[in-house]
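Remarks on the overall topology
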Amino acid sequence: MDATITMREYIEKRKTFVVPNYQRGYVWGKSKKGFDKDSVTYMLEETLIPGFNIQSDIFIQGITVSEFENDIVLIDGQQRTTLFYLMLKYLGYNDTFTIRYDIRKESNRFLNDLDLSQIEENDQEEFQDIYYFKKTLRIVSEHLSGFDSGKKSLFLNYLLDKVKFLYIDIPKDKATKVFSMMNGNKAEMKSEELIKAELLRLASLNYGDFEKKDDKEKHAIEWDNNMLRSRYAREWDKWLQWWNKEDVKAFFKVDNAMGLLISTYQSGRNKVLTFNSFKHEFFERQKPVYAKMTFEGLKRLQKRFEYAFNNPIIHNLSGAIMRVGYKDSFIKWYFFGDKASSTDMYSIGSKVTDEELRRYYKYSFLGLSHKTIIENDTKDFNDEFEEVYQILESNNLYNENAEQAFRLLLRLNIDEDNRQDEGKGRPFDFSIWDRNDSRGRSLEHIYPKSKVYHEEKQNEGTIKYFNGNGDELLKNIIDNDSSYLNRSECTSDHEGKTISASEHSIGNLVLLYKDDNSSFNNSSFDEKKSMFFKYPQYNANGDDAKRIKMIFKSRHLLHTIFKFASSTWNGESIATNKYETLKEFKEYYGK
């Protein structure tokens, strides 16, 4: 399972970190000819110390392991794990943290019996690991020499709690293959991981007439390649971490490792994502420049996904479309771009404007197809509008076509969120639409349908009374309970016309969470209003208090709340709300 964890969570697994025999030795701290900074110095000066100074989270490249009952076998991440082992020991970390090299006993002995007073340089050091263990410790000591004990303690806790990375645990039988893949060979892995490995391998190939270069030029090229590979890997892991956030996965409705990024980049060219198809499309010409162009294309695409998620208005518009429209077609059109270059296969299309997105959002709620919307077929717009309007106008909407009521009320709630913060908007919580359990969506009758009655004349001439649930009522019960409302009273006059409504019309419906709906039961309008606006002053305890607290969560549904904010709710209110809602619907579509 993939998860983002802190260094503390990593260490506190209380298992031995095993460096398998197929791993190379520890080399961080090794100087590069013609360059100033080795990997340890770079990590300290460019990442850890600046991050500590402003107390920001640090995300390092992911670590791939195979985890067992007592051991964690390091497949990719040995150098980083060893670096932090040495650094934490230097800072006084005394809790359990054990590294074991499978075939290098001298390395194990040095780490287990670590003596910080014995780290002087020895050019005759017999073992490479130990030489660079010591060098790493000297570099750490040099950079942290100005830290007193208190600051060292703060830095130690900063490393434990603020250094984060993606922790990837894979089955034992695939461990050797995964390591081989990460060094440029083929193996059976997820398409996204294979693509990453091939991209990193190709990007770090030596370019030009390498063998004819002098040593200094060769070292410079190799250094550039290593730095590029490292930057790409860090960036990729940031994307991976982002797509594995629960709120991101929920918003885009995806659950695979890289979300929509790789599949959209591939499907923009009308091909199903596989490693072979991606490689054939982008990496067939085995030159670093094509890996770089691919990476830049992915980077631009990732920015579009992040923008849509982070901008409240775009979040709400695109989130709604992905739920009421044709998701796959929309994603390709909006994120990949509507006009991808036919000559540059590495590019993504031109960005869809916010105005075009608003228009797409508008017509998605009518149920129009992707093709109809982008082709701007006015006749289809008019026909679909008339059909939906007639459905919404029905006084039996709740029973005849609840889905159209759901769609309209969803839009009205989203539109209210878009008006917040002086028009900058606030992100809408789409969980009400996505969940199928008790936290899912439901239609709530503002005036309880059990308290609205109507008369039905029987064949023998007698009159019977039924409520909105279809239950028969006795006349004396209705006469003695003033909370009962006659359906015939659901009328109001507007523009010289009498508007008739019912308890099942759009005028008496709001969107609510399903468990909140059931919690209301047959409560009156005033009781529902108290639950919404007087909690926790509302006089309740035990199960009632728990029920009210659940309802309180529906307060993010602003359109719903505005309806319950009315001073009264009666038959005239229902008819007036029906008239105003249908008027808004007509004006929204320019009718």
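One structure accompanies this document, and this report is about it. (Residues numbered from 1 in each chain as written. Predicted model: local features only at pLDDT ≥ 70, side-chain atom pairs only at ≥ 80, totals over all residues. Heavy atoms only, no water.)

1. A word on the overall build of the chain
A tally of helices and strands in the chain yields 27 helices and 15 strands. Considering only residue pairs separated by 6 or more positions, the chain has 71% of its internal contacts joining residues 24 or more positions apart. Of the roughly 28,600 Å² that the chain leaves accessible, carbon and sulfur atoms contribute 45%. (Helix = DSSP H or I, 4+ residues; strand = E, 2+ residues; numbered from the N terminus. Contact = heavy atoms within 4.5 Å. Areas by Shrake-Rupley, 256 points an atom, 1.4 Å probe, with all protein chains shown as cover.)

2. As for the sheet that holds strand S9 (residues 452-457)
Spatially, S11-S10-S9-S12 is the arrangement adopted by the four strands of the open sheet, whose pairing is mixed. Pairing within the sheet leaves two strands with one partner each, and these edge strands are strand S11 (472-473) and strand S12 (485-486). Pairing of strand S10 (residues 463-467) with S11, which is carried by two bridges, proceeds in the antiparallel orientation. Of the residues in S11, the one forming a bridge with Phe 466 is Glu 472. (Pairing = 2+ DSSP bridges.)

3. A look at helix H15 (residues 327-336)
Within the span of H15, buried status applies to Phe 330, Ile 331, Trp 333, Tyr 334, Phe 335 and Phe 336. Residue Gly 337 follows H15 closely and has a positive phi angle near 115 degrees. (Buried < 20%, exposed > 50% of the residue type's maximum accessible area, 1.4 Å probe, protein only.)

4. A word on the packing of H15 against helix H16 (residues 354-364)
Running from N to C, H15 and H16 point in directions that differ by 170 degrees, and their axes come no closer than 12 Å. Taken together, H15 and H16 sit at an angle that is classed as roughly antiparallel. Within the contact between the two elements, H15 uses Phe 330, Trp 333 and Tyr 334 and H16 uses Glu 356, Leu 357 and Tyr 360. (Axes fitted to C-alpha atoms, helices over the stretch in contact; angles between N-to-C directions. Parallel < 35°, antiparallel > 145°, perpendicular 65-115°, else oblique.)

5. What to know about the pattern of salt bridges
Enumeration according to the criterion identifies 27 salt bridges in this entry. For the salt bridge of Glu 403 with Arg 441, the shortest nitrogen-to-oxygen distance reads 3.3 Å. One end of the pair, Glu 403, is in helix H20 (residues 402-418); the other, Arg 441, is in strand S8 (residues 441-445), with 38 residues separating them in the sequence. With a relative accessible area of 33%, Glu 403 lands in the partly exposed category. (Salt bridge = Lys/Arg side-chain N within 4 Å of Asp/Glu carboxyl O.)

6. Thoughts on the pairing of strand S5 (residues 71-76)
The pairing of strand S2 (residues 16-19) with S5 spans three bridges and is classified as parallel. Each residue of the ladder has a partner; that of Phe 17, found in S5, is Ile 72. Bridge count for strand S4 (residues 63-67) against S5 is four bridges, and the pairing is antiparallel. Residue pairing for S5: Val 65 is matched across the bridge by Leu 74. Counted between consecutive antiparallel strands, the loop separating S4 from S5 contains three residues.

7. What about the packing of aromatic side chains?
All told, the structure shown has 49 aromatic pairs when counted by the stated rule. Ring geometry for Tyr 101 against Phe 133: centres 6.1 Å apart, planes inclined by 65 degrees, an arrangement best described as edge-to-face. Of this pair, Tyr 101 sits in strand S6 (residues 98-101) while Phe 133 sits in helix H5 (residues 128-143), and the two are 32 residues apart along the sequence. Note on accessibility: Tyr 101 and Phe 133 belong to one class, buried. A ring pair is formed by Tyr 363 and Phe 381, whose centres lie 4.0 Å apart and whose planes are at 10 degrees; its orientation type is stacked. (Phe/Tyr/Trp six-rings, centres within 6.5 Å; stacked < 30°, edge-to-face > 60°.)

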